[in-house]
Amino acid sequence: MKCAVIGDPAQHSLSPAIHRDGYRRSALAWDYDALTVPSGDLESFVAGCAADSSWAGLSVTAPHKEAIVAFGEPDHVSRLVGAGNTIVFHDRTEANPPTVHNTDVPGFVRAWRARGLGVPKTAAIVGNGATARSLLVALAGLHVAQVVILARDPSRAASAQDLGIALGIDTSVQPLAHNLPDVDLLANTIPAAATQPYAQSWADAAAWIFDAVYDPWPTPLGAAATSDHIMVSGLDLLAGQAVDQFHLLTGGAITFDDAHAAAMTELRRRRGNGTTAL
């Protein structure tokens, strides 16, 4: 059987390292690749995979997380977020169409709990895209009461704000330059370069920091963090979401620790070779 992570680009992804390690541990003679699929080719590519019985499913990364929802039956979380990161092909009958899943939401909660962290009551999320909305849902599950969304263009963050309010979170939207009050968690989902002017003030306002970017490291937020901060990286999220994703695609099981170790081993190998992942 075959699986792959698709995105544009996709070659930077550490998902192949995680899934291939899972195949080895589970004694599965499966293949898993990273495939760059331009947005204009997404529909035909997914349709081709769905029609080919050798494909079990796909992991999905940027910029396809929102578009993938249209190519299968989305689960509740994917509907809520408006984005998914996994599509599973079943027995190719009308009664069993592909299903789309969002494992980023439980993945963040799993990563958070794996680090043994407490319950945040207030948070700031930088960004308003698919990852930011997934974090909103995850934070609702962690019983966060108040969230400030920091957006490069606040006028485009209405849907994220509406989602937060629907989840029962006191949600507001502010520009990146907003004078952020103290929060338990600062979670960044935008490219590292865009955070540079604000990283120090954000870090000063937060006890815990999550940065979806994990390489190159340190990011501006990582550099601004002190020994008093608790830092959670995108590598933790990647490992957390892979646990459910691996089960959805194969029916097997991997642990958070094994997924994290496989990703870290590959990241260190790439750094040793002078290559980087985004």
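Residues numbered from 1 in each chain as written. Predicted model: local features only at pLDDT ≥ 70, side-chain atom pairs only at ≥ 80, totals over all residues. Heavy atoms only, no water.

Caption draft 1: View of the nonpolar core. Counting residues in each nonpolar core, the largest one holds 34 residues, and the members touching the most others are F108, L139, V147 and L185. Counting residues per element, this core draws most heavily on helix α5 (residues 130-141), at eight residues. C3, V243, L249 and I254 belong to the second largest nonpolar core, which has 26 residues in total. (Core = buried A, V, L, I, M, F, W, Y, C linked by side-chain atoms within 4.5 Å. Buried < 20%, exposed > 50% of the residue type's maximum accessible area, 1.4 Å probe, protein only. Helix = DSSP H or I, 4+ residues; strand = E, 2+ residues; numbered from the N terminus.)

Caption draft 2: Just the sheet that holds strand β8 (residues 146-151), in detail. As summarised here, the arrangement of the six strands in space is β9-β8-β7-β10-β11-β12, forming an open sheet in which the pairing is parallel. Two strands lie at the open edges of the sheet, namely β9 (170-175) and β12 (230-233), each paired on one side alone. Strand after strand, the sheet turns through a mean of 20 degrees between neighbouring axes, direction not considered. Relative to β9, β8 runs parallel, the two sharing six bridges. Residue pairing for β9: V147 is matched across the bridge by T171. (Pairing = 2+ DSSP bridges. Axes fitted to C-alpha atoms, helices over the stretch in contact; angles between N-to-C directions.)

Caption draft 3: Molecular detail of the side chain of T86. Take T86: it is sitting in strand β5 (residues 86-88). At 2.9 Å, the side chain of T86 and the side chain of Q245 are in polar contact. Non-local contacts of T86, meaning those with residues more than four positions away in its chain, are made with L58, V60, T99, V100, H101, T103, Q245, L248 and L249. (Polar contact = N/O pair within 3.5 Å; in protein donor to acceptor, adjacent residues only side chain to side chain. Contact = heavy atoms within 4.5 Å.)

Caption draft 4: Up close: the environment of T131. Looking at where T131 falls in the secondary structure, it is placed in helix α5. T131 gets classed as partly exposed once you look at its relative accessible area, which sits at 23%. As for T131 and D153, which are separated by 22 residues in sequence, their C-alpha atoms are 16 Å apart. Setting aside its immediate chain neighbours within four residues, T131 contacts K65 and T189.

Caption draft 5: A look at the environment of S78. Of note, S78 is situated in helix α3 (residues 76-81). For the pair formed by S78 and A145, sequence separation is 67 residues and the distance between their alpha carbons is 22 Å. Setting aside chain neighbours within four positions, we find S78 in contact with A83, G84, V100, H101 and N102.

Caption draft 6: Inspection of the packing of aromatic side chains at higher detail. Within the structure shown, the criterion is met by eight aromatic pairs. Both rings, one in F108 and one in F210, keep their centres 5.3 Å apart while their planes meet at 85 degrees; by these two values the pair is edge-to-face. Of this pair, F108 sits in helix α4 (residues 104-114) while F210 sits in strand β11 (residues 206-211), placing them 102 residues apart in sequence. The class for F108 is buried, based on a relative accessible area of 2%. We classify F210 as buried; its relative accessible area is 0%. (Phe/Tyr/Trp six-rings, centres within 6.5 Å; stacked < 30°, edge-to-face > 60°.)

Caption draft 7: Up close: α4. Those residues of α4 lying buried are D104, V105, G107, F108, V109, A111 and W112. Once α4 finishes, G116 follows within two positions and takes phi at roughly 70 degrees, a positive value.

Caption draft 8: Geometry of the sheet that holds β5. Here six strands make up an open sheet; going across it, the order is β2-β1-β3-β5-β6-β4 and the pairing mixed. This sheet does not close on itself; its edge strands, each paired only once, are β2 (31-36) and β4 (73-74). Where strand β1 (residues 2-7) and strand β3 (residues 55-60) come together, five bridges link them in parallel fashion. The partner of V5 across the bridge, within β3, is S59. Along the sheet, helix α1 (residues 15-26) makes contact with β1, β2 and β3, crossing β2 at roughly 170 degrees.

Caption draft 9: Quick peek at the packing of α4 against helix α10 (residues 234-250). Their axes nearest at 7 Å, the elements α4 and α10 cross at an angle of 120 degrees. The angle between α4 and α10 falls in the class oblique. Handedness of the crossing formed by α4 with α10: right-handed. In this structure, α4 contributes D104, P106, G107, F108, R110 and A111 to the contact, and α10 contributes D236, L237, G240, Q241, V243 and D244. Classifying every residue of the contact of α4 with α10 gives five nonpolar, three polar and four charged. (Parallel < 35°, antiparallel > 145°, perpendicular 65-115°, else oblique. Left-handed = near helix turned anticlockwise from the far one by under 90°. Nonpolar A, V, L, I, M, F, W, Y, C, P; charged D, E, K, R; others polar.)

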